[in-house]
Amino acid sequence: MPGPLDVFRPDALAGHVALVTGGGTGICRGIAAAYARFGADVCIVSRKQDVLDATAKEIAAATGRTPLGFAADVRDPDAIGKAIAATRTHFGKLDTIVNGAAGNFLSPAAALSPNGFRTVIDIDLNGTFNTCRGAFEALQQSGNGFILNISATLHYHGTPLQIHASAAKAGVDAVTKNLAVEWGRFGIRVCGIAPGPIGDTEGMRRLAPGDLGPKITAQIPAGRFGAVDEIAAAAVYLRSAAAAYVTGHILVVDGGHCVATPPLGGSSL
Ligand code: HXC
């Protein structure tokens, strides 16, 4: 039985250059590795250079393509501008952005400080806008631009302890749809992926502590957490020529979790 990434041809993304925020760890590390595996040059961006260096080394060993690792905080438009400029200089162009940098924690709304709420909005939503805006010229110039925004399904209904992340990810989905409409005429497609619970990620370590994991699994029609490679496969498809006429779409990859009615008062992370 082939794995989720084994179905693509080896040159599916040849010639592309992608900048992946949050690419040092988790889901976006998987997307960066998959893009490199299928022929794209990749710049991974996160706050910690040592994490980026280790990830770049691992991706290079696995794929034969060495990513550029550039430390920047997506909350800082100047820093992101420098990462974009460095990618263009290093690889000669930039045609793909993956916005995956995110911050999250569990908190009751009544206990969440204004700064806690603002911090998550600033990373997830403002960071996504900063990166899209900063890359516009490069994407337009490429003639085949693509933005992939990683959101969530939290905001499809009320999710306890997640008002900050739900609001941020709702905004990210709005960015996806608005930019698809505004930037289509510049040759730029804009899509999203809304992952459900994905195993072996920092997000799930934070959001499903203790015995919450099995409780969440019981709410997922597929009966299990997803795998990073299952999100990466969706990301490869959406960047590939197979999705050339797909834009403004947010692909839910969650084992059916969001279409199953969550129990009242229960977690639906
Ligand atoms: C309540 C908290 C908190 C917590 C931080 N804050 N952690 N409030 N509960 N557990 C509050 C702080 O008290 C502070 O407010 C404000 O948030 C900013 O905190 P800082 O630590 O100063 O911010 P910073 O150093 O910028 O860190 C950002 C962070 C941190 C989001 C708080 O956790 C982080 O850097 N995370 C990155 C990694 C991450 O979260 N990965 C998981 C993503 S999972 P005050 O008022 O005290 O100043 C994901 C999946 C979503 O996104 C979809 C799920 C299905």
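Residues numbered from 1 in each chain as written. Predicted model: local features only at pLDDT ≥ 70, side-chain atom pairs only at ≥ 80, totals over all residues. Heavy atoms only, no water.

Caption draft 1: Representation of the pairing of strand S4 (residues 96-99) in the model. Covered by surrounding structure in S4 are Thr96 and Val98 together with Ile97 and Asn99, the residues of both alternating faces. Pairing between strand S1 (residues 17-21) and S4: 4 bridges, direction parallel. Note on S4: the bridge partner recorded for Thr21 is Asn99. Across 4 bridges, S4 lies against strand S5 (residues 145-150) in parallel orientation. What sits directly across from Thr96, in S5, is Phe146. After leaving S4, the chain enters helix H4 (residues 114-142) and then returns to the sheet as S5, a path that is right-handed. (Buried < 20%, exposed > 50% of the residue type's maximum accessible area, 1.4 Å probe, protein only. Helix = DSSP H or I, 4+ residues; strand = E, 2+ residues; numbered from the N terminus. Pairing = 2+ DSSP bridges. Right-handed = clockwise from strand over helix to strand, strands pointing away.)

Caption draft 2: Up close: the nonpolar core. Grouped together as the largest cluster of nonpolar side chains are 37 residues, with contacts concentrated most on Leu19, Leu94 and Ile147. Of all elements in the fold, only S1, strand S2 (41-46), helix H3 (77-91), H4, helix H5 (163-183) and strand S6 (188-195) reach the threshold of two or more residues within this core. For this core, the leading source of residues is H4, giving 9 residues. Beyond its immediate chain neighbours, meaning those up to four positions away, Leu94 contacts Val17, Ala18, Leu19, Ile84, Thr87, Arg88, Ala135, Ala138, Leu139 and Ser142. Counting residues in each nonpolar core, the second largest holds 33 residues, with Cys28, Tyr35, Ile231 and Ala233 among its members. (Core = buried A, V, L, I, M, F, W, Y, C linked by side-chain atoms within 4.5 Å. Contact = heavy atoms within 4.5 Å.)

Caption draft 3: Spotlight on the sheet that holds S1. Strand order across the open sheet formed by 7 strands is S3-S2-S1-S4-S5-S6-S7, with parallel pairing between neighbours. Two strands lie at the open edges of the sheet, namely strand S3 (68-71) and strand S7 (250-253), each paired on one side alone. Neighbouring strand axes in the sheet, compared pairwise and without regard to direction, differ in orientation by 20 degrees on average. Here H5 sits on the sheet in contact with S5, S6 and S7, set at roughly 165 degrees to S5. Each of S4, S5, S6 and S7 touches helix H8 (residues 228-239); the most contacted strand, S6, lies at about 165 degrees to it. (Axes fitted to C-alpha atoms, helices over the stretch in contact; angles between N-to-C directions.)

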